[in-house]
Amino acid sequence: MADPDGMPIWFELNTADVDAARSFYAAVAGWDIAAPPMAEHHDYFVAQAADGGGVAGIVSPPLCVPGFPGWLVYFATADVDATAARVTGSGGGIVLGPMDIPHVGRFALAHDPQGVTFAVMARTDPTPSQAFGQRAGNVGHGVWIELSTPDPDGAFAFYGALFGWERAGAMPMGELGDYAFIGKGADFRPGAIMSSTATGAPARWNWYVLVPDIDAAIATATAGGGALMQGPDQIPGGDYSANITDVAGHQIGIVGPRKEA
């Protein structure tokens, strides 16, 4: 399998107003969002970055799981059924599946012991997913993931059992606790885990898309009916991060440089 276990390989927005979401994210993230070529997937819109790489899907109820709006992160696994069994054996639960998506792969929708929803998938395509990549200039792609949870230690134990993740250092944040980095081997550092109890953030998976200009992206988001939740804050390496909500109130992170006036 091309995608190693635990790699973020797809992002999916479940939203009631697909047309509004398409307009918003095309403007903010620079995505080209269109219906897929396969007729059986006609109501599942696919977002591509400017380089042509597929990044995310946008879909509306009733095809979505009821009661699950917002962004969903998909993680790679070589064996969906075995991973689903580990989910339930480690205190989590399976919401949907495992089941096949024609021409796409096999997946399951799950939640961890703290109730945070995520998905696992074994893709049919043998080439690596392009949705996530921490390369310089990878505009329009996911570059960071972030779990806010009431039990960070429990989350590391749970996702470690699923994907082999370990705690790879941390950035102390005082009363807010540690911002603990996810690691696996020497090169896998896709994101971090933090305490939702200390920060007051909702328990959820969040992800960050790279934009060419953080201030321009924020201005576009707010002009398009979204809102700024946090930031922009400078992060290691010189870029800035921010969290915004889209026109329906769904949260997403953005990362990018601040252009000098």
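A brief look at the structure comes next. (Residues numbered from 1 in each chain as written. Predicted model: local features only at pLDDT ≥ 70, side-chain atom pairs only at ≥ 80, totals over all residues. Heavy atoms only, no water.)

As a further point, take the sheet that holds strand β8 (residues 117-123). Strand order across the open sheet formed by 8 strands is β2-β3-β4-β1-β5-β8-β7-β6, with mixed pairing between neighbours. Of all the strands in the sheet, the pair left with one neighbour each is β2 (32-34) and β6 (93-101). Strand-to-strand twist across the sheet, computed as the mean angle between neighbouring axes with direction ignored, equals 25 degrees. Bridge count for strand β1 (residues 8-14) against strand β4 (residues 54-59) is 4 bridges, and the pairing is parallel. The residue of β4 that forms the bridge with Phe11 is Ala56. Lying on the sheet, helix α2 (residues 80-89) is in contact with β6, β7 (105-111) and β8; it crosses β6 at an angle near 175 degrees. (Pairing = 2+ DSSP bridges. Helix = DSSP H or I, 4+ residues; strand = E, 2+ residues; numbered from the N terminus. Axes fitted to C-alpha atoms, helices over the stretch in contact; angles between N-to-C directions. Contact = heavy atoms within 4.5 Å.)

Next up on the list: the sheet that holds strand β13 (residues 204-210). One open sheet accounts for 8 strands, arranged β10-β11-β12-β9-β13-β16-β15-β14; its pairing is mixed. A strand with exactly one partner marks an edge of an open sheet, and here the two such strands are β10 (166-172) and β14 (227-234). Ignoring which end each strand starts from, the neighbouring axes of this sheet average 25 degrees apart. Bridging between strand β9 (residues 142-149) and strand β12 (residues 191-195) involves 5 bridges; their strand directions are parallel.

What follows is about the packing of aromatic side chains. Two measures describe an aromatic ring pair: the distance that separates the ring centres and the angle between the ring planes. Evaluation of the coordinates by the stated rule reveals 22 aromatic pairs. Here Phe75 and Phe163 contribute two aromatic rings whose centre-to-centre distance is 5.5 Å and whose plane-to-plane angle is 40 degrees, an arrangement assigned as tilted. With Phe75 in strand β5 (residues 70-76) and Phe163 in helix α3 (residues 152-163), this residue pair connects regions lying 88 residues apart in the sequence. Classification of Phe75 by relative accessible area gives buried; the value is 0%. With a relative accessible area of 3%, Phe163 lands in the buried category. Between Tyr159 and Trp165, the ring centres sit 5.4 Å apart and the planes meet at 25 degrees, which makes this aromatic pair stacked. (Phe/Tyr/Trp six-rings, centres within 6.5 Å; stacked < 30°, edge-to-face > 60°. Buried < 20%, exposed > 50% of the residue type's maximum accessible area, 1.4 Å probe, protein only.)

The angle between the axes and the distance between the axes are what describe a pair of packed helices. The interhelical angle for the contact between α2 and α3, taken along N-to-C directions, is 155 degrees, at an axis separation of 9 Å. Considered as vectors, α2 and α3 are oriented roughly antiparallel to each other. Where α2 crosses over α3, the handedness of that crossing is right-handed. Taking contact as the criterion, the partners of Thr83, Arg86 and Val87 in α2 are, on α3, Phe158, Ala161, Leu162 and Phe163. In terms of residue class, the contact of α2 with α3 is built from 5 nonpolar, 1 polar and 1 charged. (Parallel < 35°, antiparallel > 145°, perpendicular 65-115°, else oblique. Left-handed = near helix turned anticlockwise from the far one by under 90°. Nonpolar A, V, L, I, M, F, W, Y, C, P; charged D, E, K, R; others polar.)

Moving on to the pattern of salt bridges. With the rule as written, the count across this model stands at 6 salt bridges. With a closest N to O distance of 2.7 Å, Arg123 and Asp3 form a salt bridge. Placement of the pair is Arg123 in strand β8 and Asp3 in the segment before β1, with a sequence separation of 120 residues. Shared partners join several salt bridges into a network, and the residues in it are Asp81, Asp100 and Arg106. (Salt bridge = Lys/Arg side-chain N within 4 Å of Asp/Glu carboxyl O.)

Let us now look at the environment of Val120. Mapped onto the secondary structure, Val120 falls in strand β8. The exposure class of Val120 is buried, given its relative accessible area of 2%. Considered as a pair, Val120 and Ala180 are 60 residues apart in the sequence and their alpha carbons are 22 Å apart. Those residues within four positions of Val120 in sequence are excluded, and the remaining contacts are Phe75, Thr77, Val80, Thr83, Arg106, Phe107, Ala108 and Phe163.

With that settled, consider helix α1 (residues 18-29). When the terminal C-alpha atoms of α1 are compared, their 16 Å separation across 12 residues agrees well with the 16 Å that a helix rising 1.5 Å per residue should span. Within the span of α1, buried status applies to Val18, Ala21, Phe24, Tyr25, Val28 and Ala29. All buried residues of α1 project into a common sector of 125 degrees when viewed along the axis, lining one side. In this structure, α1 carries Asp19 and Ser23 as exposed residues pointing more than 90 degrees from its buried face. Here α1 starts with a cap whose side-chain oxygen sits 3.4 Å from the backbone nitrogen of Asp19, and that cap is Asp17. (Expected span 1.5 Å × (residues − 1). Arc of directions from axis to C-beta. Polar contact = N/O pair within 3.5 Å; in protein donor to acceptor, adjacent residues only side chain to side chain.)

So, about the pairing of β9. Among the 8 residues that make up β9, 7 are buried, leaving the element largely enclosed by the rest of the structure. The sheet contact formed by β9 and β13 spans 6 bridges and is antiparallel. The residue of β13 that forms the bridge with Ser148 is Arg204.

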